[in-house]
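Inside the fold
Letter by letter, the chains look like this.
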Amino acid sequence: MLLLPEGSVISASSGTAALIGSMLAVAGRAVEQRPLALMPAYTFVATAVAAQQCGYHPFLADINPVSWTLDPERLAAELDRSILERCGIAVPVAPLGRPVPQAPWLEFQRKTGIPVVIDGAASFEGVFQTPEQFLGEIPVAMSFHATKALATGEGGCVALGTPRLAVSVTRSLNFGFHEARESTSPSINGKMSEYHAAVGLAELDGWTEKQTTLRAVATEYRHQLFSAGLSKYFYFAPDVSSNYALCHCASPDQALRVQAALQRSRIDYRLWYGKGLQHHAYYADLEHESLVVTHDLAPRLLGLPMSMDLTESAITGIVAALSTGLSES
Ligand SMILES: *Cc1c(COP(=O)(O)O)cnc(C)c1O
């Protein structure tokens, strides 16, 4: 299905484990001179959790307003030297499943000497659509959690464009073992269980149908939003992963009105990455640069209901609530 050389995809017990395994393989545990892990503030907490498990202190950088993720050219050129020199790893994130291209990050790695791991948690579809652009020397950690498009319950993998890192990633997810039962590297037990692997095989059997069904739900959303004159506010696959339906409000006030309208109609919604990592109690004291774009975008990008069994009439109810929220002023 993926048409990659054998050994290029290493299964893991979760997306978080896949991240830890990738970080240990490319950079090892943090050392005193380079304690920081450069990452976007706009991400799910797992990015920071994984870096801390490898001994790093997350340093939060701002995102680009168009790509919604880190901008490697800006960071290499403009981030304070005293910060860059203390970074032991950089972890760009594929926001809402928009895959992160390898080329600019290879250039960042070359220029700065900082090893890179891509948190491509929800980017399975995008990555395997165009592997030549999104797989390469830099490992891509993915999640197969139930909330992602391809799901095994809990699960994940590390995808590699070249087999060069296959042994070190496999070892870092399996007690430091490779062939012999001797531990030779930093590691965790991050293996995918046989049970989850079996669920994954069943999921792959139904994958084409699942993806087609999710895309049909997105098409129904698009039709109804178009009829309501609201198209410009929304993102669906293939622009984001097909498990997401996103409403990109024009202002924080409008976002609050949309949320209130959804609540009145008893429709759930989610800020998938909260208001950024710095808003979590445990991460409130992290070092960060100015986070203007994160502060601006995070409260305006609302996750809407999206599932294979979302009916046309349910979508009509959601669109009616959205229409009220978006038109009030
Ligand atoms: C889902 C997700 C993860 C974590 O994956 P798990 O499988 O839940 O461990 C990491 N990063 C991002 C951006 C995610 O969306």
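For the structure itself, consult the block above.
Quick caveat, the model's predicted, so the values are computed rather than measured.

Regarding the overall build of the protein chain
- Of regular secondary structure, the protein chain possesses 13 helices and eleven strands.
- In terms of C-alpha radius of gyration, the protein chain reaches 20 Å, essentially the compact-globule figure of 20 Å for 329 residues.
- Taking the principal axes of the C-alpha coordinates as reference, the protein chain spans close to 60 × 45 × 35 Å.
- The buried share of the protein chain, reckoned over its 329 residues, is 51%.
- Pairs at least 24 residues apart make up 70% of the contacts formed inside the protein chain by residues separated by at least 6 positions.
- Total accessible area on the protein chain is roughly 14800 Å²; 54% of this is exposed by carbon and sulfur atoms.
- Averaged over its 23 positive side-chain charges, the protein chain has a centre that lies 3 Å from the centre of its 31 negative ones.

What about helix α2 (residues 46–53)?
- Here α2 has its buried residues at Ala46, Thr47, Ala48, Ala50 and Ala51.
- Looking one or two residues beyond α2, the residue adopting positive phi is Gly55, at roughly 95 degrees.

Regarding unusual backbone geometry
- The peptide bond linking Ala237 to Pro238 adopts the cis configuration, its omega dihedral lying at 5 degrees.
- Positionally, Pro238 belongs in the loop between β8 (234–235) and β9 (246–248).
- A positive phi is found at Trp68, a non-glycine position, where the angle reads about 65 degrees.
- Along the chain, Trp68 turns up in the loop between β3 (57–61) and α3 (72–78).
- Of the residues examined, Trp68 reaches a relative accessible area of 2% and is grouped as buried.
- Its identity as a non-glycine residue notwithstanding, Leu96 has a phi of 50 degrees, on the positive side.
- Relative to the helices and strands, Leu96 is located in the loop between β4 (87–90) and α5 (102–112).
- Its relative accessible area of 1% is what places Leu96 among the buried residues.

A closer look at the sheet that holds β8
- Taken in spatial order, the three strands make up an open sheet running β8-β9-β11, and their pairing is antiparallel. Edge positions in the open sheet fall to β8 and β11 (301–303), since each of these has one partner strand only.

As for the pairing of strand β7 (residues 156–159)
- Side-chain alternation along β7 places Gly156 and Val158 on one buried face and Cys157 and Ala159 on a second face that is also buried.
- Taken together, the four bridges between strand β1 (residues 9–12) and β7 define a ladder with antiparallel strand orientation. Within β7, the residue paired with Val9 across the bridge is Ala159.
- Across four bridges, strand β6 (residues 140–143) lies against β7 in antiparallel orientation. The residue of β7 that forms the bridge with Val140 is Ala159.

Quick look at the site of the ligand
- Taken together, 14 residues surround the ligand, and among them Gly15, Thr16, Asp119, Ser143 and Lys148 come closest.
- Within the side chain of Thr16, one N or O atom sits 2.6 Å away from an oxygen atom of the ligand.
- Expressed as a share of its isolated accessible area of 380 Å², the protein-covered part of the ligand is 92%.
- When grouped by side-chain class, the residues that make up the shell around the ligand number five nonpolar, seven polar and two charged.

Concerning the nonpolar core
- Among the nonpolar cores identified, the biggest contains 34 residues, and Leu38, Leu75, Trp105, Phe108 and Met142 are the most heavily contacted of them.
- Of the residues forming this core, the biggest block, three residues, is contributed by helix α6 (residues 124–129).
- With sequence-adjacent residues up to four places away left out, Leu38 is seen in contact with Phe59, Ala61, Leu75, Leu79, Cys87, Ile89, Ala90, Val91 and Phe108.
- Within the second largest apolar cluster, 32 residues are counted, among which are Ile20, Val117, Leu173 and Leu291.

What about the packing of aromatic side chains?
- For the coordinates displayed, the defined rule picks out eleven aromatic pairs.
- On the numbers, 5.0 Å between centres and 80 degrees between planes, the contact of Trp68 with Tyr235 is edge-to-face. Note that Trp68 is positioned in the loop between β3 and α3 and Tyr235 in strand β8, a separation of 167 residues in sequence.
- Grouped by ring-pair contacts, the aromatic residues Phe124, Phe128, Phe144 and Trp207 constitute a single cluster.
- In this arrangement the basic side chain of Arg98 is found over the ring face of Trp68, its NZ or CZ atom lying 3.7 Å from the centre.

Cut-offs and rules
Residues numbered from 1 in each chain as written. Predicted model: local features only at pLDDT ≥ 70, side-chain atom pairs only at ≥ 80, totals over all residues. Heavy atoms only, no water. Helix = DSSP H or I, 4+ residues; strand = E, 2+ residues; numbered from the N terminus. Rg over C-alpha atoms; globule rule 2.2 N^0.38 Å. Buried < 20%, exposed > 50% of the residue type's maximum accessible area, 1.4 Å probe, protein only. Contact = heavy atoms within 4.5 Å. Areas by Shrake-Rupley, 256 points an atom, 1.4 Å probe, with all protein chains shown as cover. Lys, Arg positive; Asp, Glu negative; His and termini not counted. Charge placed at Lys NZ, Arg CZ, Asp CG, Glu CD. Pairing = 2+ DSSP bridges. Near = heavy atom within 4 Å. Polar contact = N/O pair within 3.5 Å; in protein donor to acceptor, adjacent residues only side chain to side chain. Nonpolar A, V, L, I, M, F, W, Y, C, P; charged D, E, K, R; others polar. Core = buried A, V, L, I, M, F, W, Y, C linked by side-chain atoms within 4.5 Å. Phe/Tyr/Trp six-rings, centres within 6.5 Å; stacked < 30°, edge-to-face > 60°. Lys NZ or Arg CZ within 6 Å of the ring centre and 35° of its normal.

These values are about where atoms sit, not about what they do.
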